[in-house]
Amino acid sequence: MALDIETRNQLVSTIERFVRERLVPLEHRVSEDDAVPDDIIQEMRELGLFGLSIPEEYGGLGLNMDEEVAVAFELGKTSPAFRSVVGTNIGIGSQGIVMFGNDEQKNEWLPKLATGEAVASFALTEPNAGSDSAAVETKAIRDGDVYVINGTKRFITNANKASVFTLMARSDPDKKGAGGVSSFIVPSDLPGITIGKPDKKMGQQGAHICDVIFEDVRLPAKYLLGAEGEGFKNAMRILDRGRLHISAVCVGVAERLIKDAVEYAVDRKQFGERIADFQLIQAMLADSQTEAYAGRCMVLDAAKKRDAGENVVMESSCCKLFCSEMVGRVADRAVQIFGGSGYVSEYSVERFYRDVRIFRIYEGTSQIQQLVIARNMIKQVG
Ligand code: COS
């Protein structure tokens, strides 16, 4: 059920204040240290951020999509590394259990994920299965009352903190493609699981991605998530939702960069005038504002449609395609407006410019979104 308007506004303004007062001042430090401080993670737990989308009966806030994107707009207004701490519990790590888990699975995991006592991670991508998710090679072969798992997952967000993985693996090795894949809940402390060292990345320092290696991991069969052979579809349904959330984060980052760029342009003088008074600067500001507004509107529209029970596969991809590309352009213009100062790390625009690059790649590249959108358009006419 949706929150009443007053509670919704209160929630959004609490997050807005937390971001402004607690997170923004720490951005530089988090980037330098490549770690989010523990006391901040604890504050996130206390605010209920880990459980935003987990149903209330399991201890979460049970936000609908419209409310979740409103919070994600605010979380976007600081380094994306902060959002990443809670991102997998809110989204792709937990939503498989919410959507496809049985009562026992939900009761075991969701309360811990809602409080942030446990961290969930989504293990789909592999060295040979990036955009082509149906090509997963990791095997989960049934042997009595266990599945034996072998394989390597790559670029797995929060793997080094995870208590549990939503894993996609091939349970029927004779079936190529999507049909042979199942999804599983995998506790990270099972013998045979090794987590690689976090990869060094272009941006988003403080958010970690690692390889996860499974060697003869014996997973109790009760941890099969949903029906056998449905794992690929489950992953796609999880991603449809995740793509909307990421789109909202892109809008938030764009709005932050626009605010920084306007403030800089008003402050900075050249040729004896504020650069904000130059029409070529104004053109850049206006283009960024227009695009961020368009992003905000489409994300809210798609979220409302999803809450109303509509199929938003195409709309989610439209949002992800537009918003991730849009924030790239906004970040580029912000650097341009800051000029030389935009290129040095003393100002945050340089860092954001690097941070936003991954939005066009993870949870489905822009090219994959184009493919999903076009396929859906074609399907609609037969
Ligand atoms: N919801 C439900 N079912 C879906 C679905 C969705 N969003 N998308 C596809 N399916 C179903 C299809 O209907 C099809 O079912 P049937 O076999 O019963 O007809 C099945 O899944 C296979 O779909 P499709 O043939 O479209 O699969 P493809 O191998 O062509 O792959 C793409 C489709 C490329 C769109 C998919 O692999 C993809 O999204 N890749 C990107 C993955 C990604 O985002 N990776 C990031 C990792 S997480 S950070």
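Before any of the text, the structure's been laid out above.
Residues numbered from 1 in each chain as written. Predicted model: local features only at pLDDT ≥ 70, side-chain atom pairs only at ≥ 80, totals over all residues. Heavy atoms only, no water.

Draft legend 1. Geometry of the side chain of Arg8. Inspection of the secondary structure assignment puts Arg8 in helix α1 (residues 5-23). Beyond its immediate sequence surroundings of up to four residues, Arg8 is in contact with Leu3, Asp66, Glu67 and Ala70. (Helix = DSSP H or I, 4+ residues; strand = E, 2+ residues; numbered from the N terminus. Contact = heavy atoms within 4.5 Å.)

Draft legend 2. Inspection of the packing of helix α4 (residues 65-75) against helix α9 (residues 279-307) at higher detail. Look at α4 against α9: their axes get within 8 Å of each other, and the N-to-C directions meet at 150 degrees. Taken together, the axes of α4 and α9 are roughly antiparallel relative to one another. Only Arg296, Val299, Leu300, Ala303, Lys304, Arg306 and Asp307 of α9 make contact with α4, whose side of the interface consists of Met65, Asp66, Val69 and Phe73. Considered class by class, the residues forming the contact of α4 with α9 number 6 nonpolar, no polar and 5 charged. (Axes fitted to C-alpha atoms, helices over the stretch in contact; angles between N-to-C directions. Parallel < 35°, antiparallel > 145°, perpendicular 65-115°, else oblique. Nonpolar A, V, L, I, M, F, W, Y, C, P; charged D, E, K, R; others polar.)

Draft legend 3. The pattern of salt bridges, seen in detail. Per the stated rule, a full pass over the model turns up 24 salt bridges. Between Glu21 and Arg20 there is a salt bridge; the shortest N-O distance is 4.0 Å. The class of Glu21 is partly exposed, set by a relative accessible area of 47%. The closest approach of N and O atoms between Glu43 and Arg22, which form a salt bridge, is 2.6 Å. Taken as a pair, Glu43 in helix α3 (residues 38-47) and Arg22 in helix α1 lie far apart in primary sequence, 21 residues in all. Linked by salt bridges that have partners in common, Glu27, Arg256, Asp260 and Arg351 make up one network. (Salt bridge = Lys/Arg side-chain N within 4 Å of Asp/Glu carboxyl O. Buried < 20%, exposed > 50% of the residue type's maximum accessible area, 1.4 Å probe, protein only.)

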